[in-house]
Amino acid sequence: MGSVVEEGLRQILSQPDSRNTYRLPDLSAGNPDATDPLEGYSWRELRGMIYGN
């Protein structure tokens, strides 16, 4: 049984990869060159804005 599995794996792995690669569509929003509006805040301040003080 082991030699059958080994031979099957050899055959599969020796074949070129014929799968098409999937590329995610670009669904980004906003201007990537704009400054980050949250950049000046510390983690503590950001957490306070998210969860409340």
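A brief look at the structure comes next. As the structure is a prediction and not an experimental result, all values here were calculated from the model.

1. Description of the overall build of the protein
Link 1 in the chain: A tally of regular secondary structure across the protein gives 2 helices and 0 strands.
Link 2 in the chain: Taken over the C-alpha trace, the protein has a radius of gyration of 25 Å; the compact-globule value for 53 residues is 10 Å, which it surpasses by more than 25%.
Link 3 in the chain: By principal-axis analysis of the C-alpha atoms, the protein measures approximately 65 × 25 × 15 Å.
Link 4 in the chain: By the burial criterion, 4% of the 53 residues in the protein qualify as buried.
Link 5 in the chain: Accessible surface computed for the protein: about 5800 Å², of which carbon and sulfur atoms make up 55%.

2. Brief notes about the pattern of salt bridges
Link 1 in the chain: The tally for this structure, following the rule as stated, stands at 2 salt bridges.
Link 2 in the chain: Between Glu6 and Arg10 there is a salt bridge, and its shortest N-O distance comes to 3.5 Å. Here the residue Glu6 and the residue Arg10 both occupy positions in helix α1 (residues 2-14), the gap between them amounting to 4 residues, near one helical turn.
Link 3 in the chain: With its nearest N and O atoms 3.5 Å apart, the salt bridge here joins Arg10 to Glu7. Taken as a pair, Arg10 and Glu7 lie in helix α1 at a separation of 3 residues, close to a single helical turn.
Link 4 in the chain: Taken together, the salt bridges that share partners define one network made up of Glu6, Glu7 and Arg10.

3. A closer look at a nonpolar patch on the surface
Link 1 in the chain: On the surface, Met1, Val5, Leu9, Ile12 and Leu13 cluster together into a nonpolar patch covering about 600 Å² of accessible area.
Link 2 in the chain: Checked against the element boundaries, Ile12 lands in helix α1.
Link 3 in the chain: Ile12 sits in the exposed class, given a relative accessible area of 57%.

Calculation criteria
- Residues numbered from 1 in each chain as written.
- Predicted model: local features only at pLDDT ≥ 70, side-chain atom pairs only at ≥ 80, totals over all residues.
- Heavy atoms only, no water.
- Helix = DSSP H or I, 4+ residues; strand = E, 2+ residues; numbered from the N terminus.
- Rg over C-alpha atoms; globule rule 2.2 N^0.38 Å.
- Buried < 20%, exposed > 50% of the residue type's maximum accessible area, 1.4 Å probe, protein only.
- Areas by Shrake-Rupley, 256 points an atom, 1.4 Å probe, with all protein chains shown as cover.
- Salt bridge = Lys/Arg side-chain N within 4 Å of Asp/Glu carboxyl O.
- Patch = residues over 30% accessible without salt bridge, like charges linked within 9 Å, V, L, I, M, F, W, Y side chains within 5 Å.

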